[in-house]
Amino acid sequence: MDSDSDSDNGFSMFTEPDDFRQKPPPPSKHVFERKPENIQEGSIKTINFQLIGHHSLWAHCLWNAGVVCTHYLDSHKEICKGKRILELGAAASLPSFIAAINGAEVSVSTDYPDKELIENIQNNAINNIPELVEKKVFNAVGYLWGADTTELMKITNNQKFDVIIMADLLFNHSEHIHMLQTCEKCLSPDGIVLVMYTSHRPWLAEKDYNFFNIAQEQFNFKVEKMFDTKMKVMFEEDPGSEEVRSTIHAYSLKFSDEPKEPKEPSESTI
């Protein structure tokens with residue numbers, strides 16, 4: 001074959017130009033600063049971490065609710081001290097880190113089982129709290145919401161978790177039941193689920209909140225409002241009320257003491 005038959009002015013039909021595929025953005029670097037009044041003597045003052053450049057499940061974002069949750073746990077150390085902590089959809093994993101720093105028996109940070117994502121969490125932990133990683137106080141594992149929890153429970157020797165953390169996950173409407181299935185399986189009878197979120201798409205706020213309706217009606221959780229707070233909106237270019245998009249809502253779930261009442265079958269199920 002003629003050596004020039006598949007090329008034209010140095011361009012080979014079998015070779016992609018350098019700019020043919022857009023390269024993924026590089027990892028982003030961040031610093032979380034603890035409030036001075038929350039820092040124990042000898043403890044780290046800041047958490048320096050990076051997020052992967054892009055992820056289809058939004059794991060490249062530093063979510064407002066995760067920041068609020070981290071400050072909340074840091075100022076309420078009794079929630080974590082000596083407790084078994086599980087974070088779902090962790091991404092930056094700040095609440096998991098601060099739980100470990102504040103004396104958790106074990107802190108398990110989980111996110112979608114993507115190798116790059118979990119390795120990034122683990123590397124951030126090694127760079128900030130290496131002694132807690134070595135002692136297996138802090139653990140990073142891949143986990144799919146609603147899936148079998150056997151591997152998660154092995155980390156705690158099959159003891160259920162005292163606290164489950166969910167920060168800015170409720171926009172995943174199709175996954176509400178899977179999230180709650182995991183909470184039901186993993187939460188100790190007297191445990192608590194901390195749920196903090198923002199309705200980043202105000203026109204879908206009712207669908208975000210429907211998580212709590214499902215929690216009460218299908219899983220017999222008792223839902224309690226904790227507080228609201230505000231931060232600068234995450235996505236400035238997005239439409240909708242800035243008031244709604246800047247508000248972080250905090251709720252707790254606990255297993256209800258009252259048995260779930262059976263529902264009358266609807267016509268569609270008869």
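On a predicted model such as this, the values are computed, not experimentally measured, just so you know.

(A) Structural detail: the state of the cysteines. According to the stated counting rule, one finds zero disulfides in the structure shown. Note on Cys-80: no disulfide assigned, nearest cysteine sulfur contributed by Cys-69 at a separation of 8.3 Å. A disulfide-free cysteine, Cys-183 has its sulfur positioned 7.8 Å from the sulfur of Cys-186, the nearest such atom.

(B) Main features of the packing of aromatic side chains. Applying the stated rule across the entire model yields eleven aromatic pairs. Both rings, one in Tyr-197 and one in Phe-212, keep their centres 5.9 Å apart while their planes meet at 45 degrees; by these two values the pair is tilted. Note that Tyr-197 is positioned in strand β9 (residues 187-197) and Phe-212 in helix α7 (residues 205-217), a separation of 15 residues in sequence. In this pair, the class of Tyr-197 matches that of Phe-212, namely buried. With a centroid separation of 5.2 Å and an interplanar angle of 90 degrees, the aromatic rings of Phe-211 and Phe-212 are classed as edge-to-face. In terms of burial, Phe-211 and Phe-212 fall into one category: buried. Taken together, the ring pairs connect Tyr-197, Tyr-209, Phe-211, Phe-212 and Tyr-251 into an aromatic cluster.

Conventions adopted
- Residues numbered from 1 in each chain as written.
- Predicted model: local features only at pLDDT ≥ 70, side-chain atom pairs only at ≥ 80, totals over all residues.
- Heavy atoms only, no water.
- Disulfide = S-S within 2.5 Å.
- Phe/Tyr/Trp six-rings, centres within 6.5 Å; stacked < 30°, edge-to-face > 60°.
- Helix = DSSP H or I, 4+ residues; strand = E, 2+ residues; numbered from the N terminus.
- Buried < 20%, exposed > 50% of the residue type's maximum accessible area, 1.4 Å probe, protein only.

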